[in-house]
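Each chain, letter by letter, is given below.
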Amino acid sequence: MGTPSLSPRAVLVPTLVLVALWAPCVLSRQPNFIVILADDVGWGDLGANWAETKETPHLDQLAAEGTRFVDFHSAASTCSPSRASLLTGRLGVRNGVTHNFAISSLGGLPLNESTLAELLREAGYSTGAVGKWHLGHHGHHHPNSRGFDYYFGIPYSHDMGCTDSPGYNLPPCPPCPRHSTRVARKDCYTEVALPLYENLSIVQQPVELGSLAGRYAEQAARFIQRASDSGRPFFLYLALAHMHVPLTPPLPPAPGRGIYGASLGEMDALVGRIKEVADSLGKGSTLLWFTGDNGPWAQKCELAGRLGPFVGAWQRQRGGSSAKQTTWEGGHRVPALVYWPGRVPAGRTSHALLSTLDIFPTLLALAGAALPPNRRFDGLDVSPVLFGWSDVGHKVLLHPNSGAAGKVGGIEALRLAQYKAFYTTGGAMACDGSTGPEERHQPPLIFNLDRDIQEQEPLDVASREYQAVLPAISRAYAQALQDIAADNVSVADYSQDPAAIPCCNVQHLGCRCHGATRDPHLENRTPRLCL
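Thresholds applied
- Residues numbered from 1 in each chain as written.
- Predicted model: local features only at pLDDT ≥ 70, side-chain atom pairs only at ≥ 80, totals over all residues.
- Heavy atoms only, no water.
- Helix = DSSP H or I, 4+ residues; strand = E, 2+ residues; numbered from the N terminus.
- Rg over C-alpha atoms; globule rule 2.2 N^0.38 Å.
- Buried < 20%, exposed > 50% of the residue type's maximum accessible area, 1.4 Å probe, protein only.
- Contact = heavy atoms within 4.5 Å.
- pLDDT = per-residue confidence, 0-100.
- 1 Å grid on protein atoms, 1.4 Å probe; cavity = no way out; pocket = protein on both sides within 12 Å on 5 of 7 lines; lining within 4 Å.
- Points joined across faces, edges and corners; volume = space filled by probe spheres on them.
- Nonpolar A, V, L, I, M, F, W, Y, C, P; charged D, E, K, R; others polar.
- Disulfide = S-S within 2.5 Å.
- Polar contact = N/O pair within 3.5 Å; in protein donor to acceptor, adjacent residues only side chain to side chain.
- Phe/Tyr/Trp six-rings, centres within 6.5 Å; stacked < 30°, edge-to-face > 60°.
- Lys NZ or Arg CZ within 6 Å of the ring centre and 35° of its normal.
- Axes fitted to C-alpha atoms, helices over the stretch in contact; angles between N-to-C directions.
- Parallel < 35°, antiparallel > 145°, perpendicular 65-115°, else oblique.
- Salt bridge = Lys/Arg side-chain N within 4 Å of Asp/Glu carboxyl O.

## Points about the overall build of the protein chain
- Scanning the protein chain for helices and strands turns up 12 helices and 17 strands.
- Taking 2.2 N^0.38 as the reference for a compact globule, 531 residues should give roughly 24 Å; the C-alpha atoms of the protein chain span a radius of gyration of 22 Å, in line with that estimate.
- Once the C-alpha set of the protein chain is aligned to its principal axes, its extents read approximately 70 × 55 × 50 Å.
- By residue count, 61% of the 531 residues in the protein chain fall in the buried class.
- Here the analysis covers contacts within the protein chain between residues at least 6 apart in sequence; of these, 73% occur between residues at least 24 apart.

And the structure:
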């Protein structure tokens, strides 16, 4: 195991004056925004975080030229809830998205939830999404109806449909059928080919996975150039297929790198290209924020990412994984880098407790746009932290259940300063096929992460430290639940219908087609009402 690039907790400093100093600058010029969201990336998948990782020179350079956040967390430990929270600034218990949508889902992110793209477009931005969506694709849940002027990508994870060249996966999945004989395979989608959209049209089904990274980079660069030529500020949401399986390295892996390392290198090169395009517009005009949707998918064994030091040792001793789908640090602590020359300090490491929830209010504040009324937000405007004026983030951060244990979306783990409390624990499926049993804890398990970053030994309930911190944790937990109960919460529609599955040609086996075909489920669209 490598040595984590961490340093002692930073001293907190006052921020009110600094926030006031920033406010006039917002109005002078609206910056461009690029948010790059990696899929299932581990905290240790960046060399800047973990010395053993050698495949990320561009990301490491991004860290050297920007600020690295080492206590940064996804808003959930699985795909759809994490993405919904990033785009709304609200946890799943508020925005309604508590677990993943299916290929046959009729619903998606509730239409009465305002997205970051909708609000930035109202503020004058050109908005584009490239990559994975996974927030509903049927009818008005398509990205073009959720604030994005342009969309190019796959409506869900790229393992949720068959392809002709399936790539590396565990277990391996067969290619799309070309004859009427069908091959059923557990954990594989074999009936319907994976679709690739450009706006409302399916341009390829099945997707050619080997060229997908290049196409994403190309379309992202084109969007940036078009937006720049228009003279409008832009918001690009680039949701990568990396590092979710199947992995499709463009070339045979070099000795010692393995399949995962080669794919990680491809992702790194893609990020490097986007940074280069952004810099070409003039350094200082674009804020680039790189992070991940959740931790590694441990059951994929050597095709899963690196946790770094966040191994969830207490859970591992009891079975199962402590990564994706869990509320252990490995499930939601993700890499995060922010690059904005002249604004965000270079070569800085921040220990502020931050979250993907903060992207929504922070970008709106920088754009001079207001938060929507009549609802509460879990994210913070962390502009002072980005600019190096403060290292104060969340006092309390909630970690929702994400599939491993407890009711999905329920809040049964939270962070208070350096303390992490669990009211429910459980392990997701591990590489060996084991899962950890769900366990309830009353009083809660409490770990001091400053001393025990591996979450190995909870505080003794009889200790003075435990007795001193328990009242504060209990109050914070009760107040959080009361705040959620009093909020204007949404409910997502998780109903399914096979007719909602994207299919460009129902006459062909597996919906196979070539060239652009408009998705019939998106025809005859009427303007969406924002309730």
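## Comments concerning unusual backbone geometry
- Note that the residue after His242, namely Met243, is joined by a cis bond; omega there is 5°.
- Relative to the elements of secondary structure, Met243 occurs in the loop between strand E8 (234-239) and helix H7 (258-280).
- Here the amide bond leading from Val245 into Pro246 is cis, since omega sits at 0°, within 30 degrees of zero.
- Looking at the element boundaries, Pro246 is found in the loop between E8 and H7.
- Phi is positive for Gln325, close to 80°, though the residue is something other than glycine.
- Along the polypeptide, Gln325 turns up in the loop between helix H8 (313-316) and helix H9 (329-332).

## Regarding the confidence of the model for the protein chain
- For the protein chain, per-residue confidence averages 91 on the pLDDT scale, and residues scoring 70 or more make up 91% of the total.
- For residues 1-27, every residue scores under 50 in pLDDT, and the model assigns this stretch 53 contacts once sequence neighbours within four places are set aside.

## Remarks on empty space enclosed by the protein
- Within this structure, the stated rule accounts for eight cavities of 30 Å³ or more.
- In this structure, the largest cavity spans a volume of roughly 130 Å³.
- Taken together, 14 residues line the largest cavity, and the ones lying closest to its centre are His158, Leu209, Ala241, His242 and Thr248.
- Put simply, the parts of the chain that give the lining of the largest cavity at least two residues each are helix H6 (212-230) and H7.
- Among the elements that line the lining of the largest cavity, the one with the most residues is H6, at three residues.
- Across the lining of the largest cavity, the residue classes tally to seven nonpolar, six polar and one charged.

## Side note on the state of the cysteines
- Taken as a whole, this structure holds five disulfides when the rule is applied.
- Note on cysteine connectivity: Cys162 is disulfide-linked to Cys176, with sulfurs 2.1 Å apart. Its S-S torsion of about 105° marks the bond between Cys162 and Cys176 as right-handed, since a negative value means left-handed. You can see Cys162 sitting in the loop between strand E5 (150-153) and strand E6 (196-198) and its partner Cys176 sitting in the loop between E5 and E6, a full 14 residues away along the chain.
- Classification of Cys176 by relative accessible area gives buried; the value is 7%.

## With respect to the side chain of Thr163
- Here Thr163 shows up in the loop between E5 and E6.
- By relative accessible area, which is 3% here, Thr163 ends up buried.
- In terms of polar contacts, Thr163 uses its side chain to reach the backbone carbonyl oxygen of Ser165, at 3.4 Å.
- Setting aside residues no more than four positions away along its own chain, Thr163 makes contact with Pro174, Pro175, Cys176, Leu194, Pro206, Val207 and Leu209.

## Brief notes about the packing of aromatic side chains
- Tallied over the full model, the rule gives 17 aromatic pairs.
- Ring centres 6.3 Å apart and planes at 85° place the aromatic pair Phe152 and Tyr216 in the edge-to-face group. With a gap of 64 residues between them, Phe152 in strand E5 and Tyr216 in helix H6 connect regions that are remote in the sequence. Of the two residues, Phe152 and Tyr216, both sit in the buried class.
- An angle of 85° between the planes, with centres 5.8 Å apart, marks the rings of Phe422 and Phe447 as edge-to-face. In this pair, Phe422 sits in strand E15 (residues 419-427) while Phe447 sits in strand E16 (residues 436-448), placing the two residues 25 residues apart along the sequence.
- Residue Phe447 is classed as buried on the basis of its relative accessible area, which comes to 0%.
- Following the ring pairs from residue to residue traces out a cluster consisting of Trp133, Phe148, Phe235 and Tyr237.
- The side chain of Arg226 reaches across the aromatic face of Tyr150, ending 4.9 Å from its centre.
- The positively charged end of Arg318 is found above the aromatic ring belonging to Trp314, 3.7 Å away from the centroid.

## A word on the packing of helix H2 (residues 57-65) against H7
- At a minimum axis separation of 7 Å, H2 and H7 run at an interaxial angle of 45°. Here H7 runs oblique to H2, going by the angle between their axes. For the pair formed by H2 and H7, the contact residues are Pro57, His58, Leu59, Leu62 and Glu65 on the first element and Met267, Asp268, Ala269, Val271, Gly272 and Lys275 on the second.

## A closer look at the environment of Val489
- Mapped onto the fold, Val489 is located in the loop between helix H12 (464-485) and strand E17 (513-518).
- Judged by its relative accessible area of 37%, Val489 falls in the partly exposed class.
- Between the C-alpha atoms of Val489 and Asn112, which are 377 residues apart in sequence, the distance is 9.8 Å.

## Quick look at the pattern of salt bridges
- Under the defined criterion, the tally for this structure stands at 28 salt bridges.
- In this structure, Asp45 and Arg306 form a salt bridge, with 3.9 Å as the shortest nitrogen-oxygen distance. Of this pair, Asp45 sits in the loop between strand E1 (32-38) and H2 while Arg306 sits in the loop between strand E9 (286-292) and H8, and the two are 261 residues apart along the sequence.
- Its relative accessible area of 0% is what places Asp45 among the buried residues.
- Given a relative accessible area of 24%, Arg306 falls into the partly exposed group.
- Within the structure, one salt-bridge network assembled from shared partners comprises Arg90, Arg94, Glu113, Arg376, Asp378, Asp483 and Asp487.

## Brief notes about the environment of Pro444
- Note on placement: Pro444 falls in strand E16.
- A residue is classified by how much of its surface remains accessible, and Pro444, at 2% relative accessible area, is buried.
- On a C-alpha basis, the gap between Pro444 and Gln317 in space is 18 Å, while along the polypeptide they are 127 residues apart.
- Once you skip the residues sitting within four places of it in the chain, Pro444 turns out to touch Ala421, Phe422, Tyr423, Tyr466 and Leu470.

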